[in-house]
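Secondary and tertiary structure notes
Residues per chain are reported as follows:
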Amino acid sequence: MEKNSNKSLVNKIFRLKEHKTDVKTEIMAGITTFMTMSYILAVNPQILGDAGMDKGAVFTATIISSIIAIIIMAFYANLPFALAPGMGLNAFFTYTVVMTMGKSWEFALAAVFIEGIIFILLTFFNVREAIFNAIPRSLKTAVSVGIGLFIALIGLLNSTVIVKNDIGLGLGNLVSKESFIFFIGLLIMAVLTARKTKGALLIGIVISTIIALFTGVSKIPEGGLIQLPPSLSPIFFKLDLSSVFSFEMFSVVFAFLFVDLFDTVGTLTGVATKAGMLDENGELPNAGRALLADSIGTTLGSILGTSTVTTFVESATGVAEGGRTGLTALSTGFCFFLSIFFYPLITIIPAQATAAALVMVGLFMIDSIVDINFGDFTESFPAFMTIIMMPFAYSIAEGIAFGMISYASVKLLTGKGKEVSPLVYVLALVFLLRYMLPLFS
């Protein structure tokens, strides 16, 4: 009786029946999302460690900030999106602000803190939600497709099947143990998906990890699988706000704002489109609440000692497994909580296992391309620019920028300017000026 009562409460909180899902599906989806984004637990400390920060403390800060943001996403927005310190933003933090500009990591944390405060204000005034809703429906679909290709490219690079070389990209070593694990995992996921097996991606990741252990690609850590989390004290509340009104601080904060805003908007757009969460107007219910989750996560994350927290595109793996509510996000958050004690266990999962899942998600996300009206060139051209620029520029934000500029330009110059909202024109102009700024320096 108590078990049924608990199930009823969970159904009520997350409105599972309304979203045509169930507890098992949501939990499996959340675990899958965690598996595909768990690399951040190893990568973020490594990158911020290059800035001079204590790696163990960054590991703890990464988990705590992620959990806080995910809890808000789960209960306040009731959406299946997971959050964590974002890739790209952490690289900008370390390799541009600290190592190129010569600023301290304390300065960079202060910039992240200010960015978070500004985002909270923009969210309360519905500016970020307005931007999300202003993106034309054809571009929303294109963003989903573009992210699919982008995710697939990330997966192929992580698998080392595709590698960077002197001329760009090319095939890696296809007869290595790592490639074998990737292709076996990909085949398992493809077959199980074709057979409509629940948890296909998660099963593929687990089997790939077992194969990796037997082949020596992964090894069980010598120090045991359970550890107490490292202390936050070396980085907690170490913000350097002494240069808050300087031009350098302004330029750094603006860069963080730009990339985070359009990465988050692009991720929400693409994953929500794939999940069929957009309403008849092409808008995402509770988008403002979702955006507030990463704003608060970013602000508190900077205090804890980590870079910008953002919605992870790997949330698409959970959505592909059927995740539709905040219970998916909460399940991911619980996995983060467990990982604070079981970090050695996380390191066992090989990159090739999660890479195969990312490639599969890429496939799942491009099928919405059939919804783009290719009979209308003013719709198809901007959509095409959005799609190709995401993987080729290796940036969701740049794909949106090119899409917005081309959409506004083509519509205006073909006499269909009235079909474009004023906000799209403003955004297109801002993007255009950003690209042209070097001409005036």
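Anything mentioned here points back to the structure above.
Quick summary incoming for the structure in this document. (Residues numbered from 1 in each chain as written. Predicted model: local features only at pLDDT ≥ 70, side-chain atom pairs only at ≥ 80, totals over all residues. Heavy atoms only, no water.)

Attention now moves to the pattern of salt bridges. Scanning the entire structure with this criterion turns up five salt bridges. A salt bridge links Asp376 to Lys416; the shortest N-O distance between them is 3.5 Å. Here Lys416 lies in the loop between helix H18 (396–413) and helix H19 (422–436) and Asp376 lies in the loop between helix H16 (351–366) and helix H17 (377–393), a separation of 40 residues in the sequence. Look at Lys416 and you get partly exposed, because its relative accessible area is 29%. The shortest N-O distance in the salt bridge between Glu419 and Lys411 comes to 2.6 Å. (Salt bridge = Lys/Arg side-chain N within 4 Å of Asp/Glu carboxyl O. Helix = DSSP H or I, 4+ residues; strand = E, 2+ residues; numbered from the N terminus. Buried < 20%, exposed > 50% of the residue type's maximum accessible area, 1.4 Å probe, protein only.)

Turning to the side chain of Ser368, a few remarks are in order. Tracing the backbone through its elements, the reader meets Ser368 in the loop between H16 and H17. Of the polar contacts made by the side chain of Ser368, one reaches the backbone oxygen of Met365; its length is 3.4 Å. Residues in contact with Ser368, not counting those within four places in the same chain, are Thr141, Ser144 and Val145. (Polar contact = N/O pair within 3.5 Å; in protein donor to acceptor, adjacent residues only side chain to side chain. Contact = heavy atoms within 4.5 Å.)

Interaxial distance between helix H5 (residues 89–98) and helix H11 (residues 247–275) falls to 11 Å at its minimum, and their mutual angle equals 155 degrees. Here H5 is positioned roughly antiparallel relative to H11, judged by the angle of their axes. The chirality of how H5 crosses H11 is right-handed. Facing H5, whose interface residues are Leu89, Phe92, Phe93 and Val97, H11 presents Val252, Ala255, Phe256, Val259 and Asp260. Of the residues assigned to the contact of H5 with H11, the class counts are eight nonpolar, no polar and one charged. (Axes fitted to C-alpha atoms, helices over the stretch in contact; angles between N-to-C directions. Parallel < 35°, antiparallel > 145°, perpendicular 65-115°, else oblique. Left-handed = near helix turned anticlockwise from the far one by under 90°. Nonpolar A, V, L, I, M, F, W, Y, C, P; charged D, E, K, R; others polar.)

Now for the packing of aromatic side chains. This structure, assessed with the given rule, holds nine aromatic pairs. Aromatic side chains Phe182 and Phe183 sit 5.1 Å apart centroid to centroid with 65 degrees between the ring planes, which places their arrangement in the edge-to-face category. Among the residues examined, Phe182 registers a relative accessible area of 1% and is labelled buried. Judged by centre distance (5.8 Å) and plane angle (85 degrees), the rings of Phe337 and Phe341 are edge-to-face. Through successive ring pairs, a cluster of aromatic residues spans Phe334, Phe337 and Phe341. The cationic tip of Lys103 hangs over the ring face of Phe107; the distance from NZ or CZ to the ring centre is 5.3 Å. Across the ring face of Tyr76, the terminal group of Arg289 is positioned such that the distance to the ring centre comes to 4.4 Å. (Phe/Tyr/Trp six-rings, centres within 6.5 Å; stacked < 30°, edge-to-face > 60°. Lys NZ or Arg CZ within 6 Å of the ring centre and 35° of its normal.)

With that out of the way, let us pick up empty space enclosed by the protein. With the rule as written, the count across this model stands at one cavity of 30 Å³ or more. Counted as a void, the largest cavity has a volume near 30 Å³. Surrounding the largest cavity, Ile135, Leu139, Val143, Thr386, Gly399, Ile400, Gly403 and Met404 form its lining. When contributions to the lining of the largest cavity are tallied by element, the ones reaching two or more residues are helix H8 (137–159) and H18. Within the lining of the largest cavity, the residues separate by chemical class into five nonpolar, three polar and no charged. (1 Å grid on protein atoms, 1.4 Å probe; cavity = no way out; pocket = protein on both sides within 12 Å on 5 of 7 lines; lining within 4 Å. Points joined across faces, edges and corners; volume = space filled by probe spheres on them.)

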